[in-house]
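Residues per chain, in single letters:
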Amino acid sequence: MNITFLGTGAGKPSLQRNVTSNVLDLTQERQEMWLFDCGEATSHQIQRLQRKESKEQCELPNITLQKISKIFITHLHGDHIFGLFGLLTSRSMSGCKKPLTLYGPKGIEKILTTVIEITESFMMFPLEIIELEANSDPSIPFLVFEDETFKVTAIELQHRVQSFAYRIEEKESIGKLDVQALLQIGVQDHTIYQQLKDQQTVTLENGQILKPQDYLKAPQKGKTVVIFGDTYPCTNAVTIAQNADFILHEATYSQEFEVLALERAHSTTAQTATTAKNANAKKLYFTHISARYHHPEDQKQLVNECRAIFPESYITQDLLRIEI
(Lines give C-alpha, C1' and ligand atoms only; values in the text may rest on other atoms or scores of the structure.)
Protein backbone atom coordinates (compact mmCIF):
# COMPACT_ATOMS: atom_id res chain seq x y z
CA MET A 1 0.00 0.00 0.00
CA ASN A 2 1.33 3.43 -0.91
CA ILE A 3 0.04 6.92 -1.57
CA THR A 4 1.03 9.42 -4.25
CA PHE A 5 0.36 13.12 -3.72
CA LEU A 6 -0.85 14.57 -7.02
CA GLY A 7 -1.58 18.00 -5.56
CA THR A 8 -0.54 19.50 -2.23
CA GLY A 9 -1.40 23.19 -2.48
CA ALA A 10 -4.26 25.23 -1.06
CA GLY A 11 -6.83 27.29 -2.90
CA LYS A 12 -5.34 27.62 -6.37
CA PRO A 13 -2.60 25.94 -8.43
CA SER A 14 0.92 27.38 -8.27
CA LEU A 15 4.14 26.61 -10.10
CA GLN A 16 5.30 24.63 -7.06
CA ARG A 17 2.09 22.87 -6.06
CA ASN A 18 -1.08 21.74 -7.76
CA VAL A 19 -4.33 21.66 -5.77
CA THR A 20 -5.51 18.72 -3.72
CA SER A 21 -5.59 15.18 -5.07
CA ASN A 22 -4.14 11.93 -3.75
CA VAL A 23 -4.00 8.35 -5.05
CA LEU A 24 -4.05 5.41 -2.64
CA ASP A 25 -2.42 2.54 -4.52
CA LEU A 26 -3.97 -0.79 -3.50
CA THR A 27 -2.64 -2.74 -6.47
CA GLN A 28 -0.97 -5.39 -4.33
CA GLU A 29 -3.94 -5.72 -1.99
CA ARG A 30 -6.85 -5.66 -4.48
CA GLN A 31 -5.68 -4.58 -7.96
CA GLU A 32 -7.24 -1.13 -7.55
CA MET A 33 -6.37 2.50 -7.01
CA TRP A 34 -8.54 4.93 -5.05
CA LEU A 35 -8.52 8.68 -5.67
CA PHE A 36 -9.11 11.12 -2.82
CA ASP A 37 -10.26 14.55 -4.03
CA CYS A 38 -9.76 15.75 -7.56
CA GLY A 39 -8.52 19.31 -7.84
CA GLU A 40 -7.88 21.13 -11.08
CA ALA A 41 -5.40 19.40 -13.45
CA THR A 42 -5.42 16.07 -11.61
CA SER A 43 -5.49 14.34 -15.02
CA HIS A 44 -2.38 16.28 -16.05
CA GLN A 45 -0.56 15.18 -12.92
CA ILE A 46 -1.37 11.56 -13.73
CA GLN A 47 -0.02 12.06 -17.25
CA ARG A 48 3.20 13.52 -15.85
CA LEU A 49 3.73 10.31 -13.93
CA GLN A 50 3.20 8.27 -17.07
CA ARG A 51 5.90 10.24 -18.92
CA LYS A 52 8.45 9.51 -16.18
CA GLU A 53 11.04 11.94 -17.44
CA SER A 54 13.37 11.65 -14.47
CA LYS A 55 15.04 8.82 -12.60
CA GLU A 56 12.99 9.67 -9.53
CA GLN A 57 9.76 9.47 -11.51
CA CYS A 58 10.73 6.08 -12.94
CA GLU A 59 10.33 4.74 -9.43
CA LEU A 60 6.75 6.01 -9.20
CA PRO A 61 3.69 3.83 -9.81
CA ASN A 62 1.98 3.66 -13.17
CA ILE A 63 -1.23 5.47 -12.25
CA THR A 64 -3.88 5.45 -14.98
CA LEU A 65 -7.49 6.56 -15.12
CA GLN A 66 -8.53 2.98 -15.88
CA LYS A 67 -7.02 1.70 -12.64
CA ILE A 68 -8.99 4.15 -10.49
CA SER A 69 -12.11 2.33 -9.28
CA LYS A 70 -13.26 4.63 -6.48
CA ILE A 71 -13.17 8.37 -5.91
CA PHE A 72 -13.71 9.84 -2.44
CA ILE A 73 -14.47 13.57 -2.27
CA THR A 74 -13.93 15.20 1.11
CA HIS A 75 -15.86 18.43 0.42
CA LEU A 76 -17.20 20.53 -2.42
CA HIS A 77 -14.80 23.46 -2.52
CA GLY A 78 -13.40 24.04 -6.00
CA ASP A 79 -9.78 23.21 -5.22
CA HIS A 80 -10.94 19.70 -4.32
CA ILE A 81 -13.39 18.98 -7.18
CA PHE A 82 -12.73 21.16 -10.24
CA GLY A 83 -10.64 18.42 -11.87
CA LEU A 84 -13.37 15.84 -11.45
CA PHE A 85 -15.40 16.65 -14.56
CA GLY A 86 -12.44 16.42 -16.92
CA LEU A 87 -11.10 13.29 -15.28
CA LEU A 88 -14.40 11.44 -15.65
CA THR A 89 -14.91 12.44 -19.28
CA SER A 90 -11.28 11.62 -20.11
CA ARG A 91 -11.74 8.20 -18.54
CA SER A 92 -14.82 7.73 -20.70
CA MET A 93 -13.16 8.98 -23.90
CA SER A 94 -10.29 6.56 -23.36
CA GLY A 95 -12.80 3.74 -23.82
CA CYS A 96 -12.68 2.51 -20.23
CA LYS A 97 -15.67 0.30 -19.40
CA LYS A 98 -14.73 -0.50 -15.81
CA PRO A 99 -17.28 0.64 -13.20
CA LEU A 100 -16.42 3.57 -10.95
CA THR A 101 -17.98 4.56 -7.64
CA LEU A 102 -17.91 8.15 -6.43
CA TYR A 103 -18.46 9.04 -2.77
CA GLY A 104 -18.96 12.58 -1.56
CA PRO A 105 -21.03 15.11 0.40
CA LYS A 106 -24.63 15.90 -0.43
CA GLY A 107 -24.73 17.96 -3.63
CA ILE A 108 -22.04 16.12 -5.56
CA GLU A 109 -24.62 14.24 -7.64
CA LYS A 110 -26.41 17.47 -8.58
CA ILE A 111 -23.13 19.10 -9.60
CA LEU A 112 -22.06 16.18 -11.79
CA THR A 113 -25.49 15.62 -13.32
CA THR A 114 -25.75 19.30 -14.23
CA VAL A 115 -22.30 19.46 -15.83
CA ILE A 116 -22.81 16.22 -17.77
CA GLU A 117 -26.23 17.32 -19.02
CA ILE A 118 -25.29 20.88 -20.04
CA THR A 119 -22.02 19.86 -21.72
CA GLU A 120 -23.70 16.86 -23.38
CA SER A 121 -20.97 14.62 -22.00
CA PHE A 122 -21.36 10.87 -21.66
CA MET A 123 -19.96 8.09 -19.53
CA MET A 124 -18.89 4.89 -21.28
CA PHE A 125 -18.61 3.16 -17.93
CA PRO A 126 -21.12 2.52 -15.11
CA LEU A 127 -20.87 5.45 -12.66
CA GLU A 128 -22.40 5.10 -9.21
CA ILE A 129 -22.66 8.21 -7.06
CA ILE A 130 -23.12 7.77 -3.31
CA GLU A 131 -23.81 10.87 -1.23
CA LEU A 132 -22.71 10.55 2.37
CA GLU A 133 -25.09 10.80 5.29
CA ALA A 134 -23.63 11.19 8.76
CA ASN A 135 -25.01 9.43 11.83
CA SER A 136 -27.67 11.11 13.93
CA ASP A 137 -24.81 11.39 16.43
CA PRO A 138 -22.17 13.30 14.42
CA SER A 139 -19.40 12.31 16.84
CA ILE A 140 -19.57 8.67 15.73
CA PRO A 141 -17.92 7.60 12.45
CA PHE A 142 -20.29 6.06 9.90
CA LEU A 143 -19.74 3.27 7.39
CA VAL A 144 -18.98 4.26 3.78
CA PHE A 145 -17.75 0.99 2.28
CA GLU A 146 -16.80 -2.50 3.44
CA ASP A 147 -15.82 -5.82 1.92
CA GLU A 148 -13.65 -8.77 2.95
CA THR A 149 -10.39 -6.79 2.73
CA PHE A 150 -11.12 -3.13 3.56
CA LYS A 151 -13.44 -0.98 5.61
CA VAL A 152 -13.93 2.75 5.02
CA THR A 153 -15.63 4.98 7.57
CA ALA A 154 -16.05 8.73 7.65
CA ILE A 155 -16.79 11.53 10.07
CA GLU A 156 -17.81 15.15 9.61
CA LEU A 157 -15.24 17.84 10.33
CA GLN A 158 -15.42 21.59 11.02
CA HIS A 159 -15.19 23.69 7.86
CA ARG A 160 -17.16 26.36 5.99
CA VAL A 161 -18.96 23.65 4.04
CA GLN A 162 -19.65 20.04 4.92
CA SER A 163 -16.27 18.29 5.00
CA PHE A 164 -15.35 14.71 5.81
CA ALA A 165 -12.35 12.65 6.85
CA TYR A 166 -12.06 9.08 5.56
CA ARG A 167 -10.58 6.25 7.61
CA ILE A 168 -9.36 3.35 5.45
CA GLU A 169 -8.76 0.18 7.46
CA GLU A 170 -7.13 -2.87 5.93
CA LYS A 171 -8.55 -5.94 7.60
CA GLU A 172 -6.36 -8.53 9.29
CA SER A 173 -5.13 -11.10 6.80
CA ILE A 174 -4.48 -14.79 7.30
CA GLY A 175 -0.89 -15.55 8.25
CA LYS A 176 1.56 -16.95 5.69
CA LEU A 177 1.73 -20.70 5.19
CA ASP A 178 4.75 -22.38 6.76
CA VAL A 179 5.80 -24.24 3.62
CA GLN A 180 9.08 -25.43 5.13
CA ALA A 181 7.24 -27.26 7.90
CA LEU A 182 5.08 -29.02 5.32
CA LEU A 183 8.07 -29.98 3.21
CA GLN A 184 9.70 -31.51 6.26
CA ILE A 185 6.80 -33.97 6.56
CA GLY A 186 6.85 -34.67 2.83
CA VAL A 187 3.89 -32.53 1.72
CA GLN A 188 4.57 -30.88 -1.63
CA ASP A 189 1.05 -30.80 -3.10
CA HIS A 190 0.05 -27.19 -3.83
CA THR A 191 -3.62 -28.18 -3.68
CA ILE A 192 -3.10 -29.07 -0.03
CA TYR A 193 -1.28 -25.78 0.50
CA GLN A 194 -4.30 -23.90 -0.80
CA GLN A 195 -6.71 -25.91 1.34
CA LEU A 196 -4.72 -25.03 4.44
CA LYS A 197 -4.63 -21.35 3.39
CA ASP A 198 -8.41 -21.57 3.10
CA GLN A 199 -8.37 -22.83 6.69
CA GLN A 200 -9.53 -26.32 5.78
CA THR A 201 -8.43 -29.39 7.72
CA VAL A 202 -6.70 -31.89 5.40
CA THR A 203 -6.42 -35.66 5.82
CA LEU A 204 -3.47 -37.21 3.99
CA GLU A 205 -3.55 -40.64 2.34
CA ASN A 206 -1.62 -42.09 5.28
CA GLY A 207 -4.29 -40.87 7.66
CA GLN A 208 -2.29 -37.94 9.06
CA ILE A 209 -4.47 -34.93 9.81
CA LEU A 210 -3.17 -31.45 9.01
CA LYS A 211 -4.84 -28.61 10.87
CA PRO A 212 -4.50 -25.11 9.38
CA GLN A 213 -3.64 -23.52 12.73
CA ASP A 214 -0.54 -25.73 12.92
CA TYR A 215 0.86 -24.50 9.59
CA LEU A 216 -0.33 -20.90 9.34
CA LYS A 217 1.80 -18.22 10.92
CA ALA A 218 0.33 -15.41 13.04
CA PRO A 219 -2.27 -13.25 11.25
CA GLN A 220 -0.95 -10.05 9.70
CA LYS A 221 -2.44 -6.85 11.06
CA GLY A 222 -3.69 -4.47 8.40
CA LYS A 223 -2.70 -0.81 8.03
CA THR A 224 -4.94 2.16 8.81
CA VAL A 225 -4.87 5.36 6.76
CA VAL A 226 -6.87 8.53 7.49
CA ILE A 227 -7.28 11.21 4.82
CA PHE A 228 -8.75 14.51 5.93
CA GLY A 229 -10.71 17.18 4.15
CA ASP A 230 -10.21 20.81 5.14
CA THR A 231 -10.96 21.44 8.78
CA TYR A 232 -10.41 23.57 11.80
CA PRO A 233 -9.25 21.50 14.83
CA CYS A 234 -12.11 19.49 16.31
CA THR A 235 -12.80 16.47 18.49
CA ASN A 236 -14.02 14.44 15.52
CA ALA A 237 -10.61 14.73 13.86
CA VAL A 238 -8.98 13.04 16.85
CA THR A 239 -11.72 10.39 16.94
CA ILE A 240 -11.36 9.31 13.30
CA ALA A 241 -7.53 9.30 13.43
CA GLN A 242 -7.19 7.30 16.65
CA ASN A 243 -4.15 4.96 16.50
CA ALA A 244 -3.83 5.31 12.72
CA ASP A 245 -0.61 4.25 11.01
CA PHE A 246 -0.73 7.23 8.66
CA ILE A 247 -2.73 10.46 8.55
CA LEU A 248 -2.85 13.05 5.78
CA HIS A 249 -4.06 16.34 7.25
CA GLU A 250 -4.08 19.91 6.06
CA ALA A 251 -1.73 22.51 7.56
CA THR A 252 -2.55 25.55 5.48
CA TYR A 253 -0.77 28.09 7.68
CA SER A 254 2.15 28.41 10.08
CA GLN A 255 1.25 28.80 13.72
CA GLU A 256 1.57 32.61 13.64
CA PHE A 257 -1.59 32.76 11.50
CA GLU A 258 -3.91 31.02 13.96
CA VAL A 259 -6.47 33.85 13.82
CA LEU A 260 -6.57 33.75 10.02
CA ALA A 261 -6.87 29.96 10.11
CA LEU A 262 -9.89 30.24 12.40
CA GLU A 263 -11.53 32.83 10.14
CA ARG A 264 -11.14 30.53 7.13
CA ALA A 265 -11.79 27.29 9.03
CA HIS A 266 -8.36 25.82 8.31
CA SER A 267 -5.58 24.42 10.50
CA THR A 268 -2.11 25.65 11.38
CA THR A 269 0.97 23.46 11.67
CA ALA A 270 0.77 23.39 15.46
CA GLN A 271 -2.91 22.50 15.42
CA THR A 272 -2.41 19.70 12.90
CA ALA A 273 0.50 18.24 14.87
CA THR A 274 -1.57 18.41 18.05
CA THR A 275 -4.35 16.45 16.37
CA ALA A 276 -1.86 13.75 15.36
CA LYS A 277 -0.42 13.63 18.87
CA ASN A 278 -3.80 13.44 20.58
CA ALA A 279 -4.90 10.70 18.19
CA ASN A 280 -1.78 8.63 18.94
CA ALA A 281 -1.09 8.36 15.22
CA LYS A 282 2.21 6.91 14.00
CA LYS A 283 2.99 9.29 11.12
CA LEU A 284 1.65 12.63 9.96
CA TYR A 285 2.02 13.96 6.44
CA PHE A 286 0.66 17.48 6.15
CA THR A 287 -0.67 19.03 2.96
CA HIS A 288 -2.85 21.86 1.57
CA ILE A 289 0.08 24.28 1.92
CA SER A 290 -0.58 27.97 1.32
CA ALA A 291 1.27 29.43 -1.68
CA ARG A 292 2.94 31.96 0.63
CA TYR A 293 5.30 29.16 1.73
CA HIS A 294 7.11 28.61 -1.58
CA HIS A 295 10.71 29.03 -0.44
CA PRO A 296 12.56 26.00 0.99
CA GLU A 297 13.25 27.89 4.23
CA ASP A 298 9.54 28.61 4.64
CA GLN A 299 8.73 24.95 4.27
CA LYS A 300 11.48 23.98 6.68
CA GLN A 301 9.83 26.29 9.21
CA LEU A 302 6.50 24.47 8.75
CA VAL A 303 8.15 21.11 9.34
CA ASN A 304 9.93 22.35 12.46
CA GLU A 305 6.71 23.74 13.91
CA CYS A 306 4.99 20.37 13.45
CA ARG A 307 7.91 18.33 14.76
CA ALA A 308 8.14 20.42 17.90
CA ILE A 309 4.82 18.84 18.85
CA PHE A 310 4.73 15.62 16.84
CA PRO A 311 8.20 14.39 15.76
CA GLU A 312 6.93 12.03 13.04
CA SER A 313 5.71 14.93 10.87
CA TYR A 314 6.52 15.29 7.18
CA ILE A 315 5.59 17.86 4.55
CA THR A 316 4.11 16.65 1.27
CA GLN A 317 5.31 17.56 -2.23
CA ASP A 318 3.61 17.07 -5.58
CA LEU A 319 4.26 13.64 -7.15
CA LEU A 320 5.88 12.32 -3.98
CA ARG A 321 5.08 8.68 -3.26
CA ILE A 322 5.43 7.12 0.18
CA GLU A 323 4.96 3.58 1.44
CA ILE A 324 2.47 3.09 4.25
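Quick caveat: nothing in here was measured; it's all calculated off a predicted structure.

About the cut-offs
Residues numbered from 1 in each chain as written. Predicted model: local features only at pLDDT ≥ 70, side-chain atom pairs only at ≥ 80, totals over all residues. Heavy atoms only, no water. Helix = DSSP H or I, 4+ residues; strand = E, 2+ residues; numbered from the N terminus. Buried < 20%, exposed > 50% of the residue type's maximum accessible area, 1.4 Å probe, protein only. Polar contact = N/O pair within 3.5 Å; in protein donor to acceptor, adjacent residues only side chain to side chain. Contact = heavy atoms within 4.5 Å. 1 Å grid on protein atoms, 1.4 Å probe; cavity = no way out; pocket = protein on both sides within 12 Å on 5 of 7 lines; lining within 4 Å. Points joined across faces, edges and corners; volume = space filled by probe spheres on them. Nonpolar A, V, L, I, M, F, W, Y, C, P; charged D, E, K, R; others polar.

Undergrad: Just to check I follow, could you spell out unusual backbone geometry for this structure?
TA: For glutamine 31, which is not glycine, the phi torsion reads 55° and is therefore positive. With a phi angle near 60°, asparagine 280 is a residue other than glycine that sits in the positive phi range. The topology assignment puts asparagine 280 in the loop between helix H12 (269–278) and strand E14 (284–287). Residue classification places asparagine 280 among the partly exposed residues on the basis of a relative accessible area of 48%.

Undergrad: Help me understand the side chain of serine 21, please; the structure alone is not making it clear to me.
TA: Secondary-structure assignment places serine 21 in strand E2 (residues 21–26). Judged by its relative accessible area of 0%, serine 21 is buried. A distance of 3.4 Å separates the side chain of serine 21 from the side chain of threonine 42, its partner in a polar contact. In this view, serine 21 contacts Thr4, Phe5, Leu6, Gly7, Leu35, Phe36, Asp37, Cys38, Gly39 and Thr42; residues no more than four positions away in its chain are not counted.

Undergrad: What is the right way to look at the layout of surface pockets in this model?
TA: One simple way to see leftover space: roll a probe sized like a water molecule over the atoms. One number sums up the size of the largest pocket: a volume of about 240 Å³. Of the residues in the lining of the largest pocket, the class split is three nonpolar, eight polar and five charged. Looking at the second largest pocket, the residues that line it are Lys151, Arg167, Glu169, Glu170, Lys171, Lys221, Gly222, Thr224, Gln242, Asn243 and Asp245.

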